[in-house]
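# Summary of structural features
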Amino acid sequence: MGNKQTIFTDEQLDAYQDCTFFTRKEILRLHGRYHELAPHLVPMDYTNEPDCKVPLALIVNMPELKENPFRNRIVESFSEDGMGNLSFNEFVDMFSVLSEMAPRELKAIYAFKIYDFNVDNYLCKEDLEKTLNRLTKEELTPEEVQLVCEKAIEEADLDGDSKLSFADFENMITRAPDFLSTFHIRI
Amino acid sequence: MAYSVNICETDSESDFENLGESEPGQDSFQVVAEPAVSTQRCPQTDVFSECTRINTEHLTFTASGHERDETLSREQKKSLRRHHWSAATLKVLASMPSRTAGINNAAVIPQHARNLSQLDRHQTSSQDSSQPSRPMQEDSVQANIEEEICNEENKKEQLVSILRGLSVGEGMRKLQASPLSLADKMEVRQLAFSDVAESSLIRSIPCYSRLSLYISRTLHHCLFSCLPVLTSLQLWHSPIKRLSGRFGTGVLSYFLFLRTLLLFNLLLFVINGLFLVFPQAVNPPPRPHDSNLDTFTGLELLTGTGYLSQSVMFYGYYTNIIHKTCRNDSTAAESPDLPVCDSKKPQVVPYSIPAAYFFTIVIAFYTICIILVYSISKAFGRGFQVLKSNGNLAGKVFCSWDFKVIKKTSVRLQSEKISTQLKELLSEMLHGENQKSCMQRLCRLMLHLVAWVACLATIFLSAMTVHYLSESAIKQSCLEKTELLLLAAVVSGINLLLPGLFNLCAWVENYDSPSVLVYVSIFRNLLLKVSIVGVLCFRWLGRIAVERERCGIQCWESFVGQELYRLLLMDFVFTVLYTFFGEFLWRLFTKQVLKRNRMPVFDIARNVLELIYGQTLTWFGVLFAPLLPAVQIIKLFVLFYMKKSSLVLNCQASKKPWRASQMTTFFISLLCFPSFLGAAVSVTYTIWTIKPSSGCGPFRNLTTMFQSRQLWAQELENTHLILSWLSWAYNSLVENPLFLFLAAGVFLMVIYFHTQIIDGQRRIISRLEKQIENEGKDKQFLITNLQAIYERSGLVSP
C-alpha cells in the first residue's frame, strides 16, 4: 500500500484510524508536523511508543494556533498534566476534535473545557470576562464587558445559579448553528 | 402547567438525613441522556472544597455587609448569589444531578495529577481564613482521588460493555465520538474489539463463517479507509483552507457554493455524455454539404455557429434514428449494411436516440431535483433553533470566533467585527428601538421609497431594452454574426453594472441593520436577473420557436442553444474584465491617486447570484445543447482560480458580519426555487407544447417532443419480445393517469402526516421550554428556602 513507512506499526496506525477522525495518511502527516515542532526531541520511530512531550511554548507557535487568542487554553485542555505539554497522542486528539468530522457533542465538551479558565467545571463570570477580553482585544470598555457578561449569563443560565454549567453551555450551543463551522481548525 | 418535581417543601426537615445520598432526581424531564449512576458514592467534594474556598474569599471581599438578610426575605432576592451558602447547602448544590451528570458525561474530571497541582495553585492564593480547614480538606481530597480513579475505571468499563453490544461500524463511530483521551480510547478499543475476535476464535467456528467474518471485517476496513480517501481527494482542499484562514467563513461559503455547482454540472455532464453524446458521436449522421463549415475563424467559438453547430454540442446534430445491430428482413432497403436478424441468436436492444434524448434530460432533471431538495432540507434542519431568544449574546460570545482564521490582520479584523456586533447587540438590548422624531422617520421613508422606485424603474428599463433589442433582431435577419453577440453583450453588461448601482442605492439609504441591507441588495439583484431571464425565455419560447420561418432559421433549437452558449461565454468574458478592471485597477487607483489603504471588499451576495444566474442558463440550455454543462464546468474551474487570485491580491476581508450558515441555506433555496424551478418549468413547457423543427434534431416529424416516448414504447414491443414486459410496465405505470394520481395522493398524505408530526413536536418543545424555566425557578426557590431553614433551625450560624 504505497511506501513502507517505519514510523508506526500497522496496528498502531489502525488504532489511530479507529479512534480518531483521521486517515493513515493524515496521521503520518500529523507526525511530520509534530516532529518539526521539536526535531531534536521527537523521535522519528514511534513503534515502541516513546514517551516524549513537546512543551507548550513550541506548540502555540504553530501557524494554525499562533494568532488564536485561546491557543494556550486549547493546548492545556488536551494535555494530561494541565500545563500544556502534549504527547503525540494528545496532539492527534486535539486536532481530531477540532477537525470537521468531529460531532457537535464532542466539540461542545472540549469547547467548554477551553473556555473554563479556572478549571472549576463552570463558566463563571470571570471566565466569561477573560473570554471576552481575548475575543475583543480591549475594544470594549470595562463597563461594556461587565454588561455583556451579565446579559450572557442571564440568557444562557437555565438553572439560575448565575454561572453556566455544561448543560447550560450545551443548550446554548444548539442555538448557534455556526458552532460546527467556527470551532474547526484545518491541519 | 404541571410540575413534576418530587421534593416537597414540607419534607425538608426529613431531608437532613438524606443529604449525603441525594438521589438522582426522579424528574420526568431528563436533561441529560446518560444516567449519573455513581453520584452517591463520589459527591464531587473537590468541587465542594473549591466552593467553600471561593466562598470564604468572597466573604472576605464582600465583607462590607452585603444583604445578609437576603436569604431570609424571599421577596428581596433576585438571583442566586453564592455569597453565603452554608457548607451543607453547597454540598446539596454540588451533588445535584444536573451538575454531576454533565461532569460524568464530559469526562471533565481532571486527572489526579492535575487535581493536586490545582489544589496547590488555589491553596497558595486562598485567604488565611481558610487555613484551619486545609489539612482536613487535603485528607478528604486524597480519599476522593481514589474514588475518582475508580469512577473513571467504571466509566471505561461501561463504555467497553456498550461497544460490545453494537456492530463494528457503530461501535467505531461511538468510540470516535466519546470524550476520553486518545490513550484511553485505544485501551477501550483493544478491550472491546479484540475480545470479539478472540472469543470467536476460541470457540471453534466452522470454516465458512470464519471466512465470512474475515471478509466482512476486511470490507469494513476498506470502507472506512476508502471514504476518508474520497473526502481527502476533494477538489481544492488546500486553496480553500488558505482562503478560509485569511478571509473567514463568509468568503468560504462562496467557494464551497462554487464547488457544489461544479459537482452538479459534472453529474449532468456524465449523464449526458454516457447516454446521449457518446452513442451519437459513435454513429455520426451524414454531413450536410455546407460551405459555412469549411472556414474556421475564431469567432465561431464565441458565437457557436459555423462548424460548432454541426457537432455534438447542439441539438441539431442529433438524429432520430434508432440504432440497431441487425435488421429485419422487411427493412432490407433502409439499412443494407447490417446483417439480417437471426431470431435464434440473442439481439442487442436497439438504441433509440430520440428516446435517449428525452429520457436522459428528464432523468437528469429528476436527479438534480432530488439532490437539491435533500440539501435544502438538511440545511433547514441544521438551522432549527430551540429556545429562541432575541440577540443570543451568549452564542455570540462563545460561537462566533472562527478558529480557522490564521492570518494576523484577519484575526484583528475578526475581533473588530465581533466587538462591533457585541456593541450593536448590547445597544439593541438596552436602549430598544432608536427613538427618531416623526420628521426623521418621514425623511427616511421618503428616501427608501425614492430608492425603491429608482431601482424598480431601472430594472423595468433594462428589461425593456433587452426586449426591444430582441424584437429588432428578429425583425431584421437573425443570423448576422456580430449582431448575435450584441444581445449577449448587452445582457451581460446590464448584469454587471446594475447590481453596482443597487449597492450604491442601498449605501445611500443607510439601513440600520446590516443584515437588512444584505437582503435588500440580494432581492433587487434577484429581481433584475429574474426579469432578464424571463424576457429572454419569452424571446426564445414565445417568439423564435413559434415564428421560426420569419427568422429564416431552419433549426430553432440549435439557435436557442447557440444563444445560451453565447450568453454564458459573454458572461464569463465580462466577469474576467470586471475582475481585472473593477478590482485590480480600482485598487491601484485608490492606492496611487486617492492614497487610501482600503481595498475593495469581496461582495459575496453579488458573486453568488452571478453563479446562480449562470447555472439557471445551463439548466435551461441542457435541452438544446447537451454539452453545455461541459462549458459551464470549464467556466467555473477558471472562475475559481481567477476569483481566488483576485481576492488574495485585491480584496480585504469584510468588516460586516456575515451569518454564513443562514446565508448558505438562503442561497441553496434560491438555487432551488427561482433557478431550478424556473428552468424545469421552461423545459417542461418546451417538451410538452412546442413543435420541434422538422429539419433537424431527434424529434423531427413529431408534434411535440413528448411523443417520442410513446413511439419508443411501441418500438420496444415490436423488436424484442422479452422486453415487452418493460413496455407493458411503462404503459400501465407511467402512462396511466390513475396510477400517477394514486402515487401523488399517497405522497401528499405522507407530507401531511409529517407536517402534523412536526407541529406536534413544536408544541411539545415550547411546553418543555416552559418546564425548563419553571424548574429553574423551583430550584432557586428551594435552595434559598433550604438555606433559610438551616439558619433558622440553628444548624448553621448565619
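Residue indices follow the written sequence of each chain, beginning from 1 at its first position. To read the labels, note that chains go from A and ligands from 1, taken in the order they are written. Owing to the predicted nature of the model, reporting of local features is limited to residues with pLDDT of at least 70; listing and counting of side-chain atom pairs is limited to 80 or more, with chain, interface and lining totals taken over all residues. The side-chain quantities take in all heavy atoms of the structure and omit both hydrogens and water.

## Points about the nonpolar core
As used here, the term nonpolar core means buried Ala, Val, Leu, Ile, Met, Phe, Trp, Tyr and Cys residues forming a set that is joined through side-chain atoms within 4.5 Å. Three labels apply to residues, based on accessible area from a 1.4 Å probe with only protein chains included: buried if under 20% of the type maximum, exposed if over 50%, partly exposed otherwise in between. Counting 115 residues, the largest nonpolar core has Y254, F257, W619 and F620 of chain B as its most contacted members. Per-element accounting of this core gives the leading share, 13 residues, to helix α10 (residues 249-282) of chain B. Excluding residues within four positions of it along the chain, F620 of chain B makes contact with C537, W540, L541, L564, A679, S682 and V683 of chain B. Formed by 89 residues, the second largest nonpolar core is a distinct cluster that contains F21, I27, L37 and V54 of chain A. Under the DSSP-based scheme used, a helix requires at least four consecutive residues in state H or I and a strand at least two consecutive residues in state E, with every element numbered from the N terminus. In what follows, residue pairs with any heavy atoms lying within 4.5 Å of each other are defined as contacts.

## Digging into the confidence of the model for chain B
Interpretation of the predicted coordinates at a detailed level should be avoided for regions scoring low in pLDDT. Residues and elements named next belong to chain B. Chain-level statistics for chain B give a pLDDT mean of 73 and a share of 66% at 70 or above. Here helix α1 (residues 45-61) is the element of chain B with the lowest mean pLDDT, 40, and helix α20 (residues 604-621) is the one with the highest, 92. Here residues 102-137 is a poorly scored stretch, pLDDT under 50, and it has 64 contacts once near neighbours within four places are set aside; other chains count. Contacts from residues 197-205, a stretch scored under 50 in pLDDT, to residues over four places away or in other chains number 5 contacts. Overall fold confidence (pTM) sits at 0.66, and the ipTM for the predicted complex is 0.92. The pLDDT value tells you how sure the predictor is about a given residue, anywhere from 0 up to 100.

## Notes on the packing of aromatic side chains
Stacked, edge-to-face and tilted labels apply to pairs of Phe, Tyr and Trp rings (six-membered ring for Trp) whose centres lie within 6.5 Å, assigned for plane angles under 30 degrees, over 60, and everything in between, in that order. According to the stated counting rule, one finds 40 aromatic pairs over all chains in the structure shown. Arranged with centres 5.7 Å apart and planes meeting at 45°, the rings of F8 of chain A and Y46 of chain A form a pair that is tilted. Placement of F8 of chain A in the segment before α1 (10-19) and of Y46 of chain A in the loop between α2 (24-37) and α3 (56-59) is noted, with a sequence separation of 38 residues between them. When sorted by exposure, F8 of chain A lands in the same class as Y46 of chain A, which is buried. Taken together, a centroid distance of 5.0 Å and an interplanar angle of 80° make the contact between Y254 of chain B and F255 of chain B edge-to-face. Looking at Y254 of chain B, the relative accessible area reads 1%, which means it is buried. Site record: aromatic cluster; members linked through ring pairs are F70, F112, Y115, F166, F169, F179 and F183 of chain A together with F398 and F403 of chain B. The ring of F117 of chain A carries the charged tip of R73 of chain A above its face, separated from the ring centre by 6.0 Å. Two thresholds decide whether a charge sits over a ring: the Lys NZ or Arg CZ must be within 6 Å of the ring centre and within 35 degrees of the ring normal.

## Focus on helix α5 (residues 71-78) of chain A
Listed in full, the buried residues belonging to α5 of chain A are R73, I74, V75, S77 and F78 of chain A. Packing partners of the buried residues in α5 of chain A comprise α3, α4 (63-66), α6 (88-97) and α7 (104-115) of chain A.

## Section: the pattern of salt bridges
Residues and elements named next belong to chain A. Every case where a carboxyl oxygen of Asp or Glu lies within 4 Å of a side-chain nitrogen of Lys or Arg is listed as a salt bridge. Going through the model one piece at a time under the given rule, you end up with 16 salt bridges over all chains. Of the charged contacts in the structure, one is a salt bridge between R24 and D10, with a shortest N-O distance of 3.0 Å. Here R24, found in helix α2, pairs with D10, found in helix α1; they are 14 residues apart in sequence, far enough to count as distant. Judged by relative accessible area, R24 falls into the buried class, the value being 16%. Taking relative accessible area as the criterion, D10 reaches 40% and is therefore assigned partly exposed. Shared partners join several salt bridges into a network, and the residues in it are D10, D14 and R24.

## A look at the packing of α20 of chain B against helix α21 (residues 628-650) of chain B
All names here are of chain B. Relative orientation of the contacting elements α20 and α21 amounts to 165°, with a least axis distance of 9 Å. The orientation of α20 relative to α21 falls into the category roughly antiparallel. Both α20 and α21 take part in a crossing whose hand is right-handed. Every residue of α21 that contacts α20 at N607, L611, G614, Q615, L617, T618 and G621 is listed here: L628, P629, Q632, K635, L636, L639 and K643. Under the scheme applied here, ten amino acids are nonpolar (Ala, Val, Leu, Ile, Met, Phe, Trp, Tyr, Cys and Pro), four are charged (Asp, Glu, Lys and Arg), and all others, including Gly, are polar. For the contact of α20 with α21, the per-class residue count stands at 6 nonpolar, 6 polar and 2 charged. Axis lines are fitted through C-alpha atoms, for helices just across the contact stretch, and the angle between N-to-C directions can take any value from 0 to 180 degrees. Should an angle lie under 35 degrees it is considered roughly parallel, over 145 roughly antiparallel, and from 65 to 115 roughly perpendicular; all remaining angles are considered oblique. Two helices cross in a left-handed way if the nearer one is turned anticlockwise from the farther one by less than a right angle. They cross in a right-handed way if the turn is clockwise.

## Looking at the environment of D157 of chain A
All names here are of chain A. Within the element layout of this structure, D157 appears in the loop between α9 (142-156) and α10 (166-174). For the pair D157 and N171, spaced 14 residues apart in sequence, the C-alpha to C-alpha distance is 9.5 Å. Any pair of nitrogen or oxygen atoms within 3.5 Å is treated as a polar contact; in protein, a donor-acceptor pairing is required on top of that, and neighbouring residues in sequence qualify only through side-chain atoms on both sides. Reaching out from D157, the side chain makes a polar contact with the backbone nitrogen of S162 at a distance of 2.7 Å.

## Focus on the UniProt feature "domain: EF-hand" (unreviewed entry) in chain A
This chain's UniProt record puts "domain: EF-hand" (unreviewed entry) on residues 103-138 and 144-179 of chain A. Within the segment residues 103-138 of chain A, helix and strand shares are 67% and 0% respectively, and the terminal C-alpha atoms sit 33 Å apart. UniProt positions are given in the numbering used here, feature names are shortened, and annotations may be inferred rather than shown by experiment.

## Quick look at helix α8 (residues 125-136) of chain A
Residues and elements named next belong to chain A. The terminal C-alpha atoms of α8, which comprises 12 residues, lie 16 Å apart, in line with the 16 Å expected from a rise of 1.5 Å per residue. Along α8, the residues that are buried comprise D127, L128, T131, L132, L135 and T136. In a view along the axis of α8, the buried residues occupy a sector of 140°, so they form one face of it. Taken from the residues just after α8, K137 is the one with a positive phi, measuring 50°. Helices are assigned an expected span. That span is 1.5 Å times one less than the residue count. It is the directions from the helix axis to the C-beta atoms that the arc portrays.

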